[in-house]
Amino acid sequence: RKEVEQDPGPFNVPEGATVAFNCTYSNSASQSFFWYRQDCRKEPKLLMSVYSSGNEDGRFTAQLNRASQYISLLIRDSKLSDSATYLCVVNISFQKLVFGTGTRLLVSP
Amino acid sequence: NAGVTQTPKFQVLKTGQSMTLQCAQDMNHNSMYWYRQDPGMGLRLIYYSASEGTTDKGEVPNGYNVSRLNKREFSLRLESAAPSQTSVYFCASRDNRAPGQYFGPGTRLTVT
């Protein structure tokens, strides 16, 4: 079983739609969690950290369920510029991040 | 601030050739990392350096060496390149007091 699993997609949504991605992780001792965004042929960029209480940053909401070992990302009012690959990332120790393979989102006009 | 910079952006090597990928950060971060990214796989950690003067192996260190030259610079060396090392290489850095890592723009390496 992969340490971090994501649906590769692509998720095709129209502008203005709400879309959600999930991610599961296998290591119950994982310490912290993140969503990164990666545009085609570019470097990953930190989108947001994920906290147990859930957290929101504008149109983006992240949730963590430690009991079920999954993380979610909800994007409201999708924009064309949200088209990218979203990477679920788990910190299994202080220095080691484990990256999912990413979920591809395509937002169309 | 330039953030994390990497050179070169692109490189083509023949099997058996050697090269060094350079990485520098100007954010005064303690920790630095080298990853490779291959299609269908998540980023995989090659080596990391928790502080100047220390380096440790990651998930896929075979065929690579690293040097943490100073706090700013962390280089990755391929002594004898193999086609299996064809990949995109990303350098990253982190402030130990904050979550998340910051990535450079990547080096696209092809080994023929």
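Enquirer: Whenever I open this one, the environment of Leu76(B) confuses me. Can you help?
Expert: Residues and elements named next belong to chain B. Residue position: Leu 76 is located in strand S8 (residues 74–78). Exposure remark for Leu 76: the relative accessible area of 0% places this residue in the buried category. A sequence separation of 54 residues divides Leu 76 from Gln 22, and the C-alpha atoms of the two residues are 6.6 Å apart. Here Leu 76 is in contact with Met 19, Thr 20, Leu 21, Trp 34, Ile 46, Tyr 64, Asn 65, Val 66 and Tyr 89, once residues within four sequence places are set aside.

Enquirer: Help me understand the interface of chain B and chain A, please; the structure alone is not making it clear to me.
Expert: Many descriptions give the size of an interface as the accessible area lost when the pieces come together. On the side of chain A, 19 residues touch chain B, which itself brings 22 residues to the contact. Between chain B and chain A lies a buried interface of about 1600 Å² when both sides are counted; carbon and sulfur atoms form 56% of it. Of all residues in chain B, Leu43(B), Phe103(B) and Arg108(B) give up the largest surface area on contact with chain A, accounting jointly for 26% of the area buried on that side. Taken together, the links from chain B to chain A amount to zero salt bridges. Scanning the region where chain B abuts chain A turns up two residue pairs in polar contact (both at pLDDT 80 or more). Of all elements in the fold, only strand S4 (31–37), strand S5 (44–49) and strand S9 (87–94) of chain B reach the threshold of two or more residues within the side of chain B that touches chain A. Sorting elements by how many residues they give to the side of chain B that touches chain A places S4(B) first, with four residues. The class makeup of the residues in the side of chain B that touches chain A is 11 nonpolar, eight polar and three charged.

Enquirer: Would you take a moment to explain the sheet that holds strand S1 (residues 4–6) of chain A for this structure?
Expert: Within a sheet, neighbouring strands are paired by backbone hydrogen bonds and run either parallel or antiparallel to one another. Residue and element names in this part refer to chain A. Across the sheet, five strands lie side by side as S1-S3-S8-S7-S6; this open sheet has antiparallel pairing. Two strands bound the open sheet, and with one partner strand each, they are S1 and strand S6 (55–57). Neighbour-to-neighbour, the strand axes of the sheet open up by a mean angle of 20 degrees, direction not taken into account. As paired strands, S1 and strand S3 (residues 19–25) are joined by three bridges and run antiparallel to one another. Bridging across to S3, Glu 5 finds its partner in Thr 24.

Enquirer: Is there a simple way to explain the pattern of salt bridges in this structure?
Expert: Should the charged atoms of two oppositely charged side chains come close, the side chains can pair. Residue and element names in this part refer to chain B. The final tally for this structure, using the stated rule, is eight salt bridges over all chains. Measuring nitrogen to oxygen at the nearest pair gives 3.1 Å for the salt bridge that ties Glu 79 to Arg 77. Residue classification places Glu 79 among the partly exposed residues on the basis of a relative accessible area of 43%. A single salt-bridge network, built from bridges that share partners, covers Arg 36, Asp 38 and Arg 44.

Cut-offs and rules
Residues numbered from 1 in each chain as written. Chains lettered and ligands numbered in written order. Predicted model: local features only at pLDDT ≥ 70, side-chain atom pairs only at ≥ 80, totals over all residues. Heavy atoms only, no water. Helix = DSSP H or I, 4+ residues; strand = E, 2+ residues; numbered from the N terminus. Buried < 20%, exposed > 50% of the residue type's maximum accessible area, 1.4 Å probe, protein only. Contact = heavy atoms within 4.5 Å. Buried area = accessible area lost by both parts, 1.4 Å probe. Salt bridge = Lys/Arg side-chain N within 4 Å of Asp/Glu carboxyl O. Polar contact = N/O pair within 3.5 Å; in protein donor to acceptor, adjacent residues only side chain to side chain. Nonpolar A, V, L, I, M, F, W, Y, C, P; charged D, E, K, R; others polar. Pairing = 2+ DSSP bridges. Axes fitted to C-alpha atoms, helices over the stretch in contact; angles between N-to-C directions.

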